Amino acid sequence: MTLKALLLAASATAALMFAQPASAAQLTIGFSQIGSESGWRAAETSVSKQEAAKRQVNLKIADAQQKQENQIKAIRSFIAQGVDAIFLAPVVASGWDAVLKEAKIPVVLLDRDIDPSGKDLYLTAVTSDSVHEGEVAGEWLAKTVGEKACNVVELQGTVGASVATNRKKGFDTVVAKHPNLKVVRSQTGDFTRAKGKEVMESFIKAENGGKSICAVYAHNDDMMVGAIQAMKEAGLKPGKDILTISIDAVPDIFKAMAAGEANATVELTPNMAGPALDAIVAYKDKGTTPPKWIQTESKLYTAADDPQKVYDSKKGLGY
Ligand code: GZL
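Residues numbered from 1 in each chain as written. Predicted model: local features only at pLDDT ≥ 70, side-chain atom pairs only at ≥ 80, totals over all residues. Heavy atoms only, no water.

Okay, unusual backbone geometry next. The backbone phi angle of D111 is positive, close to 60°, even though this residue is not glycine. Mapped onto the elements of the fold, D111 is located in the loop between strand 4 (107-110) and strand 5 (124-128). Exposure remark for D111: the relative accessible area of 5% places this residue in the buried category. Positive phi outside glycine occurs at F191, with the angle close to 65°. Residue F191 is classed as buried on the basis of its relative accessible area of 4%. (Helix = DSSP H or I, 4+ residues; strand = E, 2+ residues; numbered from the N terminus. Buried < 20%, exposed > 50% of the residue type's maximum accessible area, 1.4 Å probe, protein only.)

Turning to the state of the cysteines, a few remarks are in order. Within the structure shown, the criterion is met by one disulfide. At a sulfur-sulfur separation of 1.9 Å, the disulfide partner of C150 is C214. For the disulfide bridge between C150 and C214, the dihedral angle about the S-S bond is near -90°, and by the sign convention the bridge is left-handed. Of this pair, C150 sits in strand 6 (residues 150-156) while C214 is found in the loop between helix 8 (193-206) and strand 8 (215-218), placing the two residues 64 residues apart along the sequence. For C150, a relative accessible area of 0% translates into the label buried. A relative accessible area of 10% means that C214 is categorised as buried. (Disulfide = S-S within 2.5 Å.)

Attention shifts here to the packing of helix 10 (residues 251-258) against helix 12 (residues 307-314). Packed helix pairs are specified by the crossing angle of their axes together with the interaxial distance, meaning the distance between the axes. Here helix 10 crosses helix 12 at 155°, and the two axes come no closer than 8 Å. In terms of axis orientation, helix 10 runs roughly antiparallel to helix 12. The hand of the helix 10/helix 12 crossing is left-handed. Only P307, Q308, V310, Y311 and K314 of helix 12 make contact with helix 10, whose side of the interface consists of P251, D252, F254, K255, M257 and A258. Among the residues making up the contact of helix 10 with helix 12, the classes are represented as seven nonpolar, one polar and three charged. (Axes fitted to C-alpha atoms, helices over the stretch in contact; angles between N-to-C directions. Parallel < 35°, antiparallel > 145°, perpendicular 65-115°, else oblique. Left-handed = near helix turned anticlockwise from the far one by under 90°. Contact = heavy atoms within 4.5 Å. Nonpolar A, V, L, I, M, F, W, Y, C, P; charged D, E, K, R; others polar.)

Let us look at the domain arrangement of the protein chain. It is common to report an interface's size as the accessible area lost on association of the parts. Split by domain assignment, the protein chain resolves into domain 1 (14-128 + 270-288) and domain 2 (130-268 + 301-317). On a C-alpha basis, the centroid separation for the pair domain 1 and domain 2 is 30 Å. Taken together, the contacts link 16 residues of domain 1 with 17 residues of domain 2. Both sides of the domain 1 and domain 2 interface together cover about 1200 Å² of buried area, and 52% of this is carbon and sulfur. Contact with domain 2 buries surface across domain 1, with W40, R112 and S128 losing the most and accounting together for 39% of the total. Here domain 1 is connected to domain 2 by zero salt bridges. (Domains from an automatic or database assignment. Buried area = accessible area lost by both parts, 1.4 Å probe. Salt bridge = Lys/Arg side-chain N within 4 Å of Asp/Glu carboxyl O.)

What follows is about the site of the ligand. In the vicinity of the ligand, the contacting residues are E37, S38, W40, R41, D111, R112, V163, R167, F191, N220, D248 and L268. Here R167 contributes a side-chain N or O atom positioned 2.8 Å from an oxygen atom of the ligand. Here an oxygen atom of the ligand sits 2.6 Å away from a polar atom, N or O, in the side chain of D248. Protein chains bury 100% of the 320 Å² of accessible surface belonging to the ligand in isolation. (Near = heavy atom within 4 Å. Polar contact = N/O pair within 3.5 Å; in protein donor to acceptor, adjacent residues only side chain to side chain. Areas by Shrake-Rupley, 256 points an atom, 1.4 Å probe, with all protein chains shown as cover.)

Our next topic: the packing of aromatic side chains. Within the structure shown, the criterion is met by three aromatic pairs. Ring geometry for F171 versus Y217: centroids 4.0 Å apart, planes at 10°, classification stacked. In this pair, F171 sits in helix 7 (residues 162-177) while Y217 sits in strand 8, placing the two residues 46 residues apart along the sequence. Accessibility expressed as a relative area gives 0% for F171, which makes it buried. By relative accessible area, which is 0% here, Y217 ends up buried. (Phe/Tyr/Trp six-rings, centres within 6.5 Å; stacked < 30°, edge-to-face > 60°.)

As structure tokens, this is what we get:
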């Protein structure tokens, strides 16, 4: 074989060895997304699109308007279309067994879990530790109030959602260790601003015009932004008379912090799709089985963390 032929053969082999795995560009994934109930959810959707585009993965997103039956319909439609994998952000933790058994293709959970009995129905789950988020929120409040008696009102997330159950569990664990803390009212605001405002208005009416409320714990920032509106309209001073602690770290909670109207938030990354896409590409391309849980970080931010600067850095990141 001539030298030229040898060199050509070598470069062709090298090209084959280091070529970007074709499977990433050929993958089609159906994402059953909950909806657009919060700023965080909207960011998760836009970041998912960006992450898929980076990897040349064809991502089809179906918005369920927070209804499980729409998610189940979307999953069945994706299966019929012959997608290579399913991403699911399960609005609630139960009721998935039948449809996920029909899947016969890899399923990855994003940002929320399904009941543990269904753990064999998905490849991996990319989520935060939502019990820990509740604990971080509770520990911040305990540290901030010290020994002072503090009546807390709680805005829970969607009834039946794993993150709502867990964020309550984590917070309650801390309250149990601090007798001066007491959750006097707790109700779902369904993770939305509007419902968060409405429920906070009812809490204020029921609690002596809000005078007996020391703190609000909301399972997400959007409900807290609604609650802040309700407190201001009732002539109260959120962030001063009434402490606020919530979860997500969306830009608008930093805007409220900068205005002295909010105190703290626990960050949740909207980029669950990036790790999920890497896991599914490695699984399809190299047969690499991912860990059952890919955990994302939770960081506490308070008004001491230059909220305006954080707001400016987060604005535009898909929120
Ligand atoms: C948490 C995610 C929650 C967010 C809310 O992982 O499921 O759903 O905290 C969103 O903003 O509605």
